[in-house]
Amino acid sequence: MQKTTLVRNAAILITMDDARREITDGAVFIRGNVIEQVGQSAELPQTADEVIDARGHAVLPGLVNTHHHMYQSLTRAVPGAQDAELFGWLRQLYPVWANLNAEMIRVSTLTAMTELMLSGCTTTSDHLYIYPNDCRLDDSIEAARHIGMRFHAARGAMSVGQSQGGLPPDSVVESEAAILRDTQRLIETYHDGQRHAMLRIVVAPCSPFSVSRDLMRESARMARSFGVSLHTHLAENDNDVAYSREKFNMTPAQYAEDCGWVGHDVWHAHCVKLDDAGIDLFAHTGTGVAHCPCSNMRLASGIAPVRRMRDRGVPVGLGVDGSASNDAAHLLGEARQAMLLQRVGFGPAAMTAREALEIATLGGAKVLGRDDIGALAPGMSADLAMFDLRQVGFGGALHDPVAALVFCTPASVACSIINGRVVVREGRLVSVELEPVLETHNLLARELAQAAR
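### Re the overall build of the protein chain
What the protein chain contains, in helices and strands, is 14 helices and 17 strands. For 453 residues, the compact-globule estimate of 2.2 N^0.38 gives 22 Å, and the C-alpha radius of gyration of the protein chain, at 21 Å, lies within 12% of that figure. Dimensions of the protein chain, computed from C-alpha atoms along their principal axes, come out at roughly 65 × 45 × 45 Å. Burial status across the protein chain gives 62% buried among its 453 residues. As displayed, the protein chain has an accessible area near 16,300 Å², and 49% of this comes from carbon and sulfur atoms. Averaging the coordinates of the 40 positive side-chain charges in the protein chain and doing the same for the 52 negative ones gives two points 2 Å apart.

Spelled out as structure tokens, the structure:
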């Protein structure tokens, strides 16, 4: 017998279903790891193996994070990298990251995932592209399984060091043969392509300025032979665009197309400087974008043209990006920032609160190539987040509690369910004791900083 769970009496249930229903006194009935019924509390079963009272709470689909570098939570607010643009920031931090080890990857993943989960996130991608010492993507995967998060683990890579005209030092790049071998091993060992999968592998060379054209093309061929997704950085700032024009005599979008990196199975991070031709290319090929507003502001990269992208049909999701270029990983806060930044760039009607929530849920699901997350509807994965509307940050905003989630101070989640399992209860993580993890994390952060001196 599968366990049943009933979430009922929600002040507002934000379904993100095809009709975008917002149900007062809403309820969700879950069987196993799948949603079976959604509606008003009186219409649904009144009993279940576990009943959760959502009185006074907003309940919404679990948020989806489409871009992160979780190891970077060890290097937040590092002196020397606080006031630099992308390339200068990377040059400061590559020598620090060269001292990463397996324990650091595992513990930083636990810390980063905890932070995301407490912000209402239930599905995340992580782009691990640097593998010094004994680091492996397996370390991140182990942490995700332990904490209980739905995970798209992106096997990143850097193969072109400074001696070959790339940005990273030669000490942190890998051979392309080794990259492809390990990527295939990870796909064959871990990837689950079924609906409701908790773990998928993504093929993810880091960026045009750190890998070769050959690796980009070979990676695309490998991904499509196994039916997995592709992810990289693209058009992040003016220097990024200048590099593509100088090295390849192409815009970033033209280069992506030349390498086979467009299509429904591809999503690119940032795309701050994606031009109109690039937007049209992404729209007609279904190529996705991970929008990272806080990181783009922190590094002064610019304002991504998300309004134009969405109007033309480009799939857009949200990403918190690395915790050394955002220094935070609060996905509801990222949705708020996405809304505000579009308004700064393109006017007060450039993005509504509900559109920001849609990008953070359905948008992220589409970017990751999933039809089983991002909405509360029968047949969808049982992933949801509950926010207590009775806290001070929502005072005076309850005439529109849906908009309040985005306009008001970003709240921490009160309760969260992933794959039918409660992972946050009364604001605390169930699967991991946070205090010892944070203590170890801070010790490792100091060790990493000292090793680079």
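So, next bit.
### Regarding unusual backbone geometry
Positive phi, close to 55 degrees, is recorded for C271, a residue that is not glycine. Tracing the backbone shows C271 in the loop between β11 (266–270) and α8 (276–285).

### Digging into the nonpolar core
Judged by nonpolar contacts, the single largest core of 148 residues is most densely connected at W89, W97 and L100. Ignoring any residue separated from it by four or fewer positions in sequence, one finds W89 in contact with Q72, A81, A84, W97, R298, L299, A324 and S325. V64, W267, A269 and I373 belong to the second largest nonpolar core, which has eleven residues in total.

### Quick notes on the environment of G395
Relative to the helices and strands, G395 is located in the loop between β14 (384–388) and α13 (401–407). Given the relative accessible area of 59%, G395 is considered exposed. Separated by 146 residues in sequence, G395 and N249 have C-alpha atoms that sit 54 Å apart.

### Considering the pairing of strand β7 (residues 121–128)
In terms of residue burial, β7 counts as a mostly covered element, since eight of its eight residues are buried. As paired elements, strand β6 (residues 63–65) and β7 share three bridges and run parallel to each other. What sits directly across from V64, in β7, is T123. Where β7 lies against strand β8 (residues 150–157), six bridges are found, and the strand directions are parallel.

Calculation notes
- Residues numbered from 1 in each chain as written.
- Predicted model: local features only at pLDDT ≥ 70, side-chain atom pairs only at ≥ 80, totals over all residues.
- Heavy atoms only, no water.
- Helix = DSSP H or I, 4+ residues; strand = E, 2+ residues; numbered from the N terminus.
- Rg over C-alpha atoms; globule rule 2.2 N^0.38 Å.
- Buried < 20%, exposed > 50% of the residue type's maximum accessible area, 1.4 Å probe, protein only.
- Areas by Shrake-Rupley, 256 points an atom, 1.4 Å probe, with all protein chains shown as cover.
- Lys, Arg positive; Asp, Glu negative; His and termini not counted.
- Charge placed at Lys NZ, Arg CZ, Asp CG, Glu CD.
- Core = buried A, V, L, I, M, F, W, Y, C linked by side-chain atoms within 4.5 Å.
- Contact = heavy atoms within 4.5 Å.
- Pairing = 2+ DSSP bridges.

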